[in-house]
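Single-letter residue listing:
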Amino acid sequence: MESTKAEEWLRQLIGEWALGIVMKTIERRVITGCGEVIAKETDAGITCEINGHIEEYEDYYQNDLWTFDSTDGTIHLFRLSSDGQIHDHMGRWIGDGFTIELYWRGTFEDQEQEERITAKWVAKNQFEIKENNYSKGKLLLTTDYVFKRKSTT
C-alpha cells in the first residue's frame, strides 16, 4: 500500500475518543472497562494517550505510537504501558485496506509472550482493536477495544 494511503489511514486516528474495553480471561470471566484517548500527530507518527479504568484493576495509562515504514510497507504500533512494558507490534494491511494485523513476541515476567492484534475501521468515527495474548502458544486473554470519536467536527 502506498505511503499516502497509509498516512491517510493513520491520520484518521487524530482526535478525542471514548474507549470501551471488554476482556475475556482463560477462565471465561468477562471484565469491562472504559477510558479516554487523545490522538495527535507528531514528527514520529500518531501518538495515542490512553487513560483507562478496568474493573478489578488499577487505573492505567498507555501511550501508543503508530508509524508507517514506507521502505517495507509495514505499520508499527509501539506501545508503552503503565506497568513498564514496551512492545513494537509490527504488521500489514489485510483484505479491504481498512484492517491491519499486528504481531509482537517477547518475554514478560520471564514468560514467553506474544500478542496478536487486529485493528480496523468499522465506521468513519469508530475504530476497533482485538488483542489476543498468548503464553507458550496458549491463549490467555482476549481484549476488545472500541474507540468512538467524541466529536465529529
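Residues numbered from 1 in each chain as written. Predicted model: local features only at pLDDT ≥ 70, side-chain atom pairs only at ≥ 80, totals over all residues. Heavy atoms only, no water.

A.B. asks: I'm lost on the nonpolar core in this one. Help?
C.D. replies: Here is a general trend for soluble globular proteins: nonpolar side chains tend to be buried in one another's company. Core analysis: the biggest nonpolar cluster contains 31 residues, and Trp66 and Phe127 have the highest contact counts within it. Ignoring anything within four residues of it in the chain, the contact list for Phe127 reads Trp9, Leu13, Trp17, Trp66, Ala119, Lys120, Trp121, Tyr145, Val146 and Phe147. (Core = buried A, V, L, I, M, F, W, Y, C linked by side-chain atoms within 4.5 Å. Buried < 20%, exposed > 50% of the residue type's maximum accessible area, 1.4 Å probe, protein only. Contact = heavy atoms within 4.5 Å.)

A.B. asks: Hey, could you run me through the side chain of Arg79 in this one?
C.D. replies: By the element assignment, Arg79 lies in strand β5 (residues 74-81). Here the side chain of Arg79 touches Asp64 through a polar contact of 3.1 Å, side chain to side chain. Side chain to side chain, Arg79 and Glu131 meet in a polar contact 2.8 Å long. Excluding residues within four positions of it along the chain, Arg79 makes contact with Gln62, Asn63, Asp64, Gln85, Ile86, His87, His89, Ile117 and Glu131. (Helix = DSSP H or I, 4+ residues; strand = E, 2+ residues; numbered from the N terminus. Polar contact = N/O pair within 3.5 Å; in protein donor to acceptor, adjacent residues only side chain to side chain.)

A.B. asks: What's the story with the pattern of salt bridges in this structure? I'm lost.
C.D. replies: Side-chain pairs of opposite charge can arise where the charged atoms are in close proximity. For the structure shown, the criterion picks out 9 salt bridges. With a shortest N-O distance of 3.1 Å, Asp64 and Arg79 are connected by a salt bridge. Highlighted residues: Asp64 in strand β4 (residues 60-69) and Arg79 in strand β5, separated in sequence by 15 residues. Between Glu131 and Arg79 there is a salt bridge, with the nearest N and O atoms lying 2.8 Å from each other. Note that Glu131 is positioned in strand β9 (residues 126-135) and Arg79 in strand β5, a separation of 52 residues in sequence. (Salt bridge = Lys/Arg side-chain N within 4 Å of Asp/Glu carboxyl O.)

A.B. asks: Would you mind going over the sheet that holds β9 with me for this structure?
C.D. replies: Strand pairing in a sheet takes place through backbone hydrogen bonds and is either antiparallel or parallel in direction. If you walk around this closed barrel you meet the 10 strands as β1-β2-β3-β4-β5-β6-β7-β8-β9-β10, and the pairing is antiparallel. Neighbour-to-neighbour, the strand axes of this sheet turn through a mean angle of 25 degrees, independent of strand direction. (Pairing = 2+ DSSP bridges. Axes fitted to C-alpha atoms, helices over the stretch in contact; angles between N-to-C directions.)

A.B. asks: What should I look at first to understand the packing of aromatic side chains in this one?
C.D. replies: The geometry of two aromatic rings is summed up by the distance between their centres and the angle between their planes. Applying the stated rule across the entire model yields 10 aromatic pairs. A ring pair is formed by Trp9 and Trp93, whose centres lie 6.2 Å apart and whose planes are at 85 degrees; its orientation type is edge-to-face. With Trp9 in helix α1 (residues 3-11) and Trp93 in strand β6 (residues 86-94), this pair connects stretches of sequence that are 84 residues apart. Seen from their ring centres, Trp9 and Trp121 are 6.2 Å apart, and the 75 degrees between their planes marks the pair as edge-to-face. Taken as a pair, Trp9 in helix α1 and Trp121 in strand β8 (residues 111-123) lie far apart in primary sequence, 112 residues in all. Each of the two residues, Trp9 as well as Trp121, counts as buried. By way of ring pairs, the aromatic residues Trp9, Trp17, Trp66, Phe68, Trp93, Trp121, Phe127 and Phe147 are connected into one cluster. Note that Arg116 overlies the ring of Tyr134, its terminal NZ or CZ placed 4.4 Å from the centroid. (Phe/Tyr/Trp six-rings, centres within 6.5 Å; stacked < 30°, edge-to-face > 60°. Lys NZ or Arg CZ within 6 Å of the ring centre and 35° of its normal.)

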